[in-house]
Amino acid sequence: MSRFRHPILSPIPDCLAASEASAGNLGRDRAIPQPDTDRLNPISKPMALRSTDILTQTPQGLYCPLGDFHIDPVRPVKRALITHGHSDHARSGHRSVMATRETLRIMGVRYGEDFADSTQEASLRESLRVGDVTVRFTPAGHVLGSAQISIEAGGTRVVVSGDYKRAEDPTCLPYEVVPCDVFITEATFGLPVFRHPDTRGEVRKLLDSVALFPERAHIVGAYALGKAQRVMALLREEGYDQPIHLHGAMERLTELYKSEGIPLGETPKVVAAERSKLAGAIVICPPSSIQDLWSRRFPDPVTCFASGWMRVRGRARQKGVELPLVISDHSDWDDLCRTIQETGAGEVWVTHGQEDALVHWCTTHGIRARPLHMLGYGDEGEAEEAAHPPLEGEGRERSERGGVETPSSKSAGANHPTSALQADPPPQGKDESGQGGAA
Amino acid sequence: MNRFAALLDRLGYEPRRNAKLRLLTDYFRHTPDPDRGYALAAMTGALMFKEAKPGLIRGLVEERTDPELFRMSYHYVGDLAETVALIWPAPGHESVAPADGAPTIGHNNPPPHVPTLTEVIETLATTSKSDLPARVAGWMDALDETGRWALIKLITRELRVGVSARLAKTAVAQLGQIEPDEVELVWHGLEAPYEDLFAWVEGRGEKPESGNPAPFRPSMLSHPLEDEDFAKLEASEFLAEWKWDGIRLQAASGHGSDGRPVRRIYSRTGEDVSRAFPDLVEALDFEGAIDGELLIVREGRVQTFNVLQQRLNRKAVTPKLIAEFPAHLRVYDILFEGEEDLRPLPFAERRRRLEALVARLDDPRIDLSPMVPFETWEDLAAARSDPASVGAGPDADAIEGCMIKRASSPYLPGRPKGYWYKWKRDPYLVDAVMMYGQRGHGKRSSFYSDYTFGVWREGPGGEELVPVGKAYHGFTDEELVKLDRFVRNHTVKRFGPVREVEYGKDKGLVLEVAFEGLQRSTRHKSGVAMRFPRINRIRWDKPAAEADRIETLEKILERGEQEVHPLKDQEA
């Protein structure tokens, strides 16, 4: 695998001025859908580009030499295109950032409005010129604002899917298949044991438990961005109309969702002194808080965790979960395989997760595939505990002085084996805000 | 079946007894007959069918999956039943769907018939071995992931969900206004699916007749006695016997309707354990029910609990095992003689009846637990501290204290106050240093409540702490808060739910650990394993360097059999 290819092209301006669309006239609904079926005609290629000319891997992350930009870089770069707002994909400190309007808003909430020198909104399904390539953002179905990024040059199209799911989600636009030559996919749940069940059944489990144990509080661990709001929306769909109580860490992002027109009902913040009065209530907090001092004052809490990992009993037990809810914002095994086939890609790169199994599957289905072993991307919180370097944060948590603890800072996923090819792995955990990491 | 599966799934995660009870009662209340009855049978171990071997399950899944993907998945999940349940490719759930991206659930095949628990169990009882794989595969296709998991656990008889037979029966009793002990009494005359039992507890039917000529009667239990309690108790009103370090059993014997003898041995909780002790069952040549302690006696000498453990939990009870570990019942009470219920009689009176029965039996496998004579509590204290001196002789090793019983005490089920007391021998004590803290479960899941501790030894690189045990109780709630804070504030490493804390010659927390005994162990780095360790005291004041050394434990081990009063020389 070639690595560290240097840009071979003429200098590209620092900002994204080369785009076809100017920043001024971007509107959320103005985008004209492009037909997804414009299959690429190899004969029209003046000189077929190799996929690695369009996209390579650098220590900062995936890099497009022809357009001189990175996608979801794990270190500060000159120009970043961001697929979605989770903190392992959307980091602060880049000079210019292009993302969907919602993702830019999310980054603004997380890192402050000045998180980059310049930002540019990418309208969904609209082609934009960046350097010598055309890029297009298409819904990925992962969380609010999440998008796949397709890069096209010389008749070759590469799609970076970011994180994506095919399951229904009332809080974001559904995934759209983008036919391509090279499909770049995650494999968080890339083993055939991961088959996510219907979310309605999982939410019913929670509501049945609330009915059976009305004197206890149900504390649901869920990532602050996406999962938490999805759980709220699913509860509302099932007819739950009581207030859903929130840990302080999810408040601002939940407000953001509501301001985007997603109805989540009444979601008061938990007041520290009132915790003991929340018998029979549903409380949503970051996963790190379910076992933390914070959860102690609730009446006989039932510990719940909404995550794809809850499919495996050992995982749930290890986290001390009593009511696992298998609700994931990632594709399960069947959807990963289905999606790869639907894109028609002849080549698949697998960024992170259970790469080996998915690569094996591709190979047995006549699709060229390779694992990228990318570091720095979390996998639905799995890295959260395992990746703690010794002495990180000194393990000193605030004592119980009646205050609500902030979730202790957690480092982003680093439990992937270091690839021998990865000469200089990115630093981990530096810029993780403790918002619950990746979901 | 899916409903039963959901119950098992939820029970498996639930640590609290009362919550388990609520889940069980809820299930029994909302599940129709006969499904709920078979569920009850599954949880009380009353189901009789040929179990399926894990190899059958493995064979089925290997026909259906890519071997490489199965290998990776099994490696990841770690449990065969769970891996198979999750990876099983259900028909109509292909990984390739229509190209238009329609949801995968939209296929046109009729949904396969989801079997009920009753169907599964009735079919298992009648299916031949050669038909079994096809049957199981058909069910697997129809069930969801949790359903498949439960099915595999059920048919391989690996149903471990932390529910005792007693708890399941208690849940049934709670459907109505019935005491769990009453369910226990009629239980052994009943058969799955227990429709008459449910009808009775729900007030729709007559109380079922106990068809069992040798039923279990709920055991009478004792309260622990603290030193200060003696002031309140009048010595002359009590009788004392040794407290044997064995297993509490109830032996019942009667005649079936055909006139043949029916002999059964029950555990303290009413589980029928007759099959494990055929040698003892043979000796039950009486009619009635007696209460006593299971011991291993070799050449007239009672062996320690360590020896007894080697007889327990064996799948096959071979003649060799019986010869090597001969079971013995040392009896201390009688509940029934023939048809006569002796339980309302005073203890002293029952004791006379028991003595007469044991004399009539005249079998070396069944003998009387001797009384310990005493006038004052001081006498008894002396006897307790040195049983050998008051006639316990070589059996003193298997004595873990005294039982003190009110002479007028009737035999009552449960743990009634004011009648029976246990006065245990003082435990061994050792000062150890906390090395790791682990998160607890349930109510304690936000606490580091399980502590691994070590003692000093000379290691290859000098003095080092070696872990000797782990304890998670013995402290108060207030102390737990402090211990938890200590772990959080002194963490040096984290391994998932475990934290390593600071320790060394000049830092660390000393815990005074109490335990009942020591055993050599190859599984532990230190070579010793503690029996029933708990935190006796937290020694905030004691420097870690002054904690005990492994030699202290070695000495206890060496003295082993002779040791009767561990604290005698330390107190001096």
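Residues numbered from 1 in each chain as written. Chains lettered and ligands numbered in written order. Predicted model: local features only at pLDDT ≥ 70, side-chain atom pairs only at ≥ 80, totals over all residues.

1. Quick word on the overall build of chain A
Reasoning step 1: Scanning chain A from N- to C-terminus turns up nine helices and 18 strands.
Reasoning step 2: Within chain A, the proportion of its 439 residues that are buried is 58%.
Reasoning step 3: Put simply, of all contacts in chain A between residues at least 6 apart along the chain, 67% involve residues at least 24 apart. (Helix = DSSP H or I, 4+ residues; strand = E, 2+ residues; numbered from the N terminus. Buried ≥ 20, exposed ≤ 12 C-beta atoms within 10 Å, placed from the backbone. Contact = placed C-beta atoms within 7 Å.)

2. Description of the overall build of chain B
Reasoning step 1: Counting secondary structure elements, chain B contains 20 helices and 20 strands.
Reasoning step 2: Across its three principal axes, chain B shows a C-alpha extent of roughly 90 × 70 × 45 Å.
Reasoning step 3: Taking contacts inside chain B between residues at least 6 apart in sequence as the whole, the part at least 24 apart equals 69%.

3. Description of the pairing of strand S7 (residues 327–337) of chain B
One face of the sheet, then the other: side chains in a regular strand alternate in exactly this way.
All names here are of chain B.
Reasoning step 1: Among the 11 residues in S7, 10 count as buried, and that is most of the element.
Reasoning step 2: Sheet topology places strand S5 (residues 288–298) next to S7; nine bridges connect them, and they run antiparallel. When the sheet's bridge partners are listed, Ile290 is paired in S7 with Ile334.
Reasoning step 3: Two elements, S7 and strand S9 (residues 366–368), share three bridges in a ladder whose sense is parallel. (Pairing = 2+ DSSP bridges.)

4. What to know about the sheet that holds strand S11 (residues 182–187) of chain A
Residues and elements named next belong to chain A.
Reasoning step 1: As summarised here, the arrangement of the seven strands in space is S7-S8-S9-S10-S11-S17-S18, forming an open sheet in which the pairing is mixed. Looking at strand neighbours, the two that pair on one side only are strand S7 (127–130) and strand S18 (368–371), the edges of this open sheet. Neighbour to neighbour, the strand axes of the sheet diverge by 25 degrees on average, direction disregarded.
Reasoning step 2: With four bridges joining them, strand S17 (residues 347–353) and S18 adopt parallel strand pairing. (Axes fitted to C-alpha atoms, helices over the stretch in contact; angles between N-to-C directions.)

5. Topic: the domain arrangement of chain B
Reasoning step 1: Considered domain by domain, chain B is made up of domain 1 (2–155), domain 2 (223–424) and domain 3 (428–571).
Reasoning step 2: Placing the centre of domain 2 of chain B and that of domain 3 of chain B at their C-alpha centroids yields a distance of 34 Å. (Domains from an automatic or database assignment.)

6. Looking at helix H3 (residues 35–43) of chain B
Given 3.6 residues to a turn, an α-helix orients residues that are three or four positions apart in the same direction.
All names here are of chain B.
Reasoning step 1: Buried residues dominate H3, accounting for nine of its nine residues.
Reasoning step 2: Considered for burial, the residues of H3 that qualify are Asp35, Arg36, Gly37, Tyr38, Ala39, Leu40, Ala41, Ala42 and Met43.
Reasoning step 3: Structurally, H3 contributes buried residues whose contacts are with helix H1 (2–13), helix H2 (17–30), helix H7 (117–126), helix H9 (145–155), helix H10 (165–173) and helix H12 (195–201).
Reasoning step 4: Just beyond H3, the residue with positive phi is Gly45, at close to 70 degrees.

7. Quick notes on the packing of helix H8 (residues 355–364) of chain A against helix H5 (residues 67–77) of chain B
Reasoning step 1: Axis separation between H8 of chain A and H5 of chain B bottoms out at 10 Å; the angle between their running directions is 170 degrees. Viewed along their axes, H8 of chain A and H5 of chain B adopt a mutual orientation that is roughly antiparallel. Residues Asp356, Ala357, His360 and Trp361 of chain A of H8 of chain A touch H5 of chain B, and the partners they reach there are Glu68, Leu69 and Met72 of chain B.
Reasoning step 2: Along the lines of polarity and charge, the residues of the contact of H8 of chain A with H5 of chain B split into four nonpolar, one polar and two charged. (Parallel < 35°, antiparallel > 145°, perpendicular 65-115°, else oblique. Nonpolar A, V, L, I, M, F, W, Y, C, P; charged D, E, K, R; others polar.)

8. What to know about the nonpolar core
Reasoning step 1: Within the largest apolar cluster, 167 residues are counted, with the highest numbers of intra-cluster contacts made by Val231, Val283, Ile284 and Cys304 of chain A together with Leu151 of chain B.
Reasoning step 2: Apart from the residues lying within four places of it in its own chain, the contact partners of Leu151 of chain B are Met1, Val120, Trp139, Met140 and Leu143 of chain B.
Reasoning step 3: The next biggest cluster of nonpolar side chains, apart from the first, holds 53 residues, and it includes Phe286, Ala289, Ile366 and Trp420 of chain B. (Core = buried A, V, L, I, M, F, W, Y, C linked by C-beta atoms within 7 Å.)

9. Examining the sheet that holds strand S4 (residues 79–81) of chain A
Residue and element names in this part refer to chain A.
Reasoning step 1: Reading across from one edge, S1-S2-S3-S4-S5-S6 is the order of the six strands in this open sheet, with mixed pairing throughout. Whereas interior strands pair on both sides, the edge strands pair on one side only; in this sheet they are strand S1 (56–58) and strand S6 (118–121). The sheet shows a mean angle of 30 degrees between the axes of neighbouring strands, taken without regard to direction.
Reasoning step 2: The sheet contact formed by strand S3 (residues 69–71) and S4 spans two bridges and is parallel. Looking across to S4, one finds that Ile71 is bridged to Leu81.

10. What about the domain arrangement of chain A?
All names here are of chain A.
Reasoning step 1: If you check the domain split of chain A, you get domain 1 (23–193 + 330–374) and domain 2 (199–325).
Reasoning step 2: Facing the 16 residues of domain 1 at the interface are 15 residues of domain 2.
Reasoning step 3: Class assignment of the residues belonging to the side of domain 1 that touches domain 2 gives a composition of eight nonpolar, five polar and three charged.

11. Section: the confidence of the model for chain B
Atomic detail in the predicted coordinates should be set aside for any region of low pLDDT.
Residues and elements named next belong to chain B.
Reasoning step 1: Per-residue pLDDT for chain B has a mean of 87; in total, 94% of the residues score no lower than 70.
Reasoning step 2: In the predicted structure, residues 561–572 sits below a pLDDT of 50 and forms 13 contacts with residues beyond four places in sequence or in another chain.
Reasoning step 3: The ipTM value of the predicted complex is 0.76, and its pTM value is 0.71. (pLDDT = per-residue confidence, 0-100.)

12. A word on helix H8 (residues 132–142) of chain B
Reasoning step 1: Every buried residue of H8 of chain B is accounted for by Val136, Trp139 and Met140 of chain B. One side of H8 of chain B carries all its buried residues, which in axial view fall inside an arc of 100 degrees. (Arc of directions from axis to C-beta.)

13. A closer look at the environment of Leu86 of chain B
Reasoning step 1: Note on placement: Leu86 of chain B falls in helix H6 (residues 80–87).
Reasoning step 2: Overall, Leu86 of chain B belongs to the buried group, with 23 C-beta atoms counted inside 10 Å.
Reasoning step 3: Distance from Leu86 of chain B to Thr65 of chain B, taken between C-alpha atoms, is 12 Å for residues 21 residues apart in sequence.
Reasoning step 4: Leaving out residues up to four positions away in the same chain, Leu86 of chain B has contacts with Val193, Arg195 and Arg311 of chain A together with Val77 and Glu145 of chain B.

14. What about the environment of Arg160 of chain B?
All names here are of chain B.
Reasoning step 1: Its location among the elements puts Arg160 in the loop between H9 and H10.
Reasoning step 2: Residue classification places Arg160 among the exposed positions, given that 9 C-beta atoms sit within 10 Å.
Reasoning step 3: Measuring from C-alpha to C-alpha, the distance between Arg160 and Gly37 comes to 18 Å, with 123 residues separating the pair along the chain.

15. Concerning the packing of H5 of chain B against H6 of chain B
All names here are of chain B.
Reasoning step 1: Between H5 and H6, whose axes approach to 9 Å, the crossing angle comes to 130 degrees. Relative to H6, the element H5 lies oblique. Here H5 runs over H6; the crossing is right-handed. Along the contact surface, H5 presents Phe70, Ser73, Tyr74 and Val77, while H6 presents Leu80, Glu82, Thr83, Leu86 and Ile87.
Reasoning step 2: Its residues placed into classes, the contact of H5 with H6 shows six nonpolar, two polar and one charged. (Left-handed = near helix turned anticlockwise from the far one by under 90°.)

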